[in-house]
Amino acid sequence: MAATPPDPDATPGPNSRDLAARAAAVLPGGVNSPVRAFRAVDEPPLFVERAAGPHLVTADGARVIDYIGSWGPAILGHAPQPVIHAVRRAAEGGLSFGVSTAAEVAFAERLCALHPALEGGLVRLVNSGTEATMSAIRLARGATGRTKIVKMDGGYHGHADALLAAAGSGAATLGIPGSAGVPPGAVADTVVIPYNDLDAARAAFERHAGDVAAVLVEPVAGNMGCIPPEPGYLPGLRELCTQFGALLVFDEVMTGFRLALGGAAERFGVRPDLVCLGKIAGGGMPLGAYGGRRDVMERLAPAGPVYQAGTLSGNPIAVAAGLATLEALCDAPPYDRLRAATERLADGITQAARAAGVPVVVQRCESMWTAFFTDRPVRNYDDAKATDTRAFARFHAAMLRRGVLLPPSAFEACFVSAAHDDDVLDRTLEAAAEALRDLAA
Ligand code: KE4
């Protein structure tokens, strides 16, 4: 397969190597978010100049097929014109006011019309997924008067202290700090259990009876690679939360509007008490949201005693991008085609790996997928950590050499967009077959 053709419209400028050197002089690790450093795949970081549809154009003038998709938001493909136009129009009217706007009300109405958890409920707009989950757990604690938050080992919900908890020594034990700078006290009420394990969830409730405020879960795990819930798992969590008087909180920052217009709640038919949204909801602009049961949300200031605020919450430009994105998804739901495209990729990579004699398990849910280098299913974080991440790194490099950019970590999900047409899928599968033969050689 020929190397990626240079983009004919590329404008000469500093290349990724020059930019990486400059970035290292002013940014910690040379990046504004760790995964962009490409350290998990031992490659120099890429810098993007612009993007359109399924492609990124790098600072080196290469045009690559993109499966990072901005870590989820780019479900329509990059630079979708309806969203670009909406952002332009909104920007003409001003960037931020600190006073409410009609647009943020219309956007909230659209969210409440689309996500099952928001039906008849309330939603609060914030600026990131981190802010959404951080606020949702404070609200859960304030609304229930309880302190324990149960989260999954390997679940990532942004970088709020209480959620940077690693698994403790035993099942259902209290979390230990998952990062320097997180004091033990910040995670003393965070209980970490394995994903896809209802017995562990029940044990957590029994061990901390009456003090579990909420269970926070990515309904489809996307931050330990793509790990779908096993049949009955989400309904089981729903039953346990109801039985023990805790709130079920779906972190749908990644799965919201990705799996279906109603996210995982619609896809799996389980209604959480609260839902956290981001990524696609902002159409690539800084926006998050959390919401759900009216009786819980009414505990939020200024209606209630739980405080949360934000200068740019409901920002008119971010709301314009989010609303235009949701309108495009509602006008022409891409989900059947996205599912078929992802199925084609998964089957093609599986066949190519088998032909090359390389153990690969491709796990997917709708248009999220991950190629794990292993010969067995990946059910939870321990399974994911046991996969061959060095082989993934070699695969990542071999794919990039052939013009296909996968997320630079074995513990991330790839995303297919509505702009990934058959030719792009063909090129991806051709590159994968060659890359897997490289690995086997
Ligand atoms: P942000 O604060 O990054 O907007 O959202 C945090 C977050 C919350 N919940 C889930 C399920 C998430 O996946 C995320 C963020 N995801 C990562 C990648 N998987 C963002 C990429 C990055 O950190 O640079």
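The preceding data block contains the structure.
Here the residue numbers are simple positions, counted from 1 along each chain's written sequence. Side-chain atom pairs in this predicted model are given and counted only at pLDDT of 80 or more, local residue features only at pLDDT of at least 70, and totals for whole chains, interfaces and linings cover all residues. Side-chain metrics in this entry use all non-hydrogen atoms of the structure; hydrogen atoms and water are not considered.

## Some details on the overall build of the protein chain
Moving on, step 1. Scanning the protein chain from terminus to terminus reveals 13 helices and 16 strands.
Moving on, step 2. A separation threshold of at least 6 residues defines the contact pool for the protein chain, and within that pool the share at least 24 residues apart is 72%.
Moving on, step 3. Of the accessible surface of the protein chain, which amounts to about 18,000 Å², a share of 54% is contributed by carbon and sulfur atoms.
Moving on, step 4. By the counting scheme adopted, Arg and Lys are positive, Glu and Asp are negative, and His together with the chain ends is not counted. Throughout, a charge is located at the NZ atom of Lys, the CZ atom of Arg, the CG atom of Asp or the CD atom of Glu. Each charge class in the protein chain can be summarised by its mean position, and for the 39 positive and 47 negative side chains these summaries are 3 Å apart. The helix and strand labels rest on DSSP assignments: H or I over at least four residues marks a helix, E over at least two residues marks a strand, and numbering proceeds from the N terminus. Working rule for contacts: check all heavy atoms of both residues, and any pair within 4.5 Å makes them a contact. Using a 1.4 Å probe, the Shrake-Rupley method yields the accessible areas, and only the shown protein chains count as cover for residues.

## A look at the site of the ligand
Moving on, step 1. We call a residue near a given molecule or strand whenever any one of its heavy atoms falls within 4 Å of it. In the neighbourhood of the ligand, 16 residues make up the surrounding shell, with S33, T130, N223, D251 and E412 lying closest.
Moving on, step 2. Measuring from an oxygen atom of the ligand, one finds a side-chain N or O atom of T130 at 2.7 Å.
Moving on, step 3. Interatomic distance of 2.7 Å between a side-chain N/O atom of D251 and a nitrogen atom of the ligand.
Moving on, step 4. Here the term charged refers only to Asp, Glu, Lys and Arg, the term nonpolar to Ala, Val, Leu, Ile, Met, Phe, Trp, Tyr, Cys and Pro, and the term polar to all other amino acids, Gly among them. Tallied by class, the residues present in the shell around the ligand amount to five nonpolar, seven polar and four charged.
Moving on, step 5. What counts as a domain boundary in this text is fixed by an automatic or database domain assignment. Both domains that meet at the shell around the ligand, namely domain 1 (16–66 + 334–440) and domain 2 (81–331), each give it at least three residues. Here a polar contact is recorded for every N or O atom pair within 3.5 Å, except that within protein the pair must consist of a potential hydrogen donor and a potential acceptor, and residues adjacent in sequence are included only if both atoms are side-chain atoms.

## Topic: the pattern of salt bridges
Moving on, step 1. By definition, a salt bridge exists where a carboxyl oxygen of Asp or Glu is found within 4 Å of a side-chain nitrogen of Lys or Arg. On inspection of all chains with the given rule, the structure shows 20 salt bridges.
Moving on, step 2. For R344, the salt bridge identified is with D422, shortest N-O distance 3.8 Å. Of the two residues, R344 sits in helix α10 (residues 335–356) while D422 sits in helix α13 (residues 422–440), which places them 78 residues apart along the sequence.
Moving on, step 3. In this scheme, a residue with accessible area under 20% of its type's maximum is buried, one over 50% is exposed, and one in between is partly exposed, where area comes from a 1.4 Å probe on protein chains only. For R344, a relative accessible area of 31% gives the class partly exposed.
Moving on, step 4. Because the salt bridges share partners, they merge into one network encompassing R238, D273, R293 and D295.

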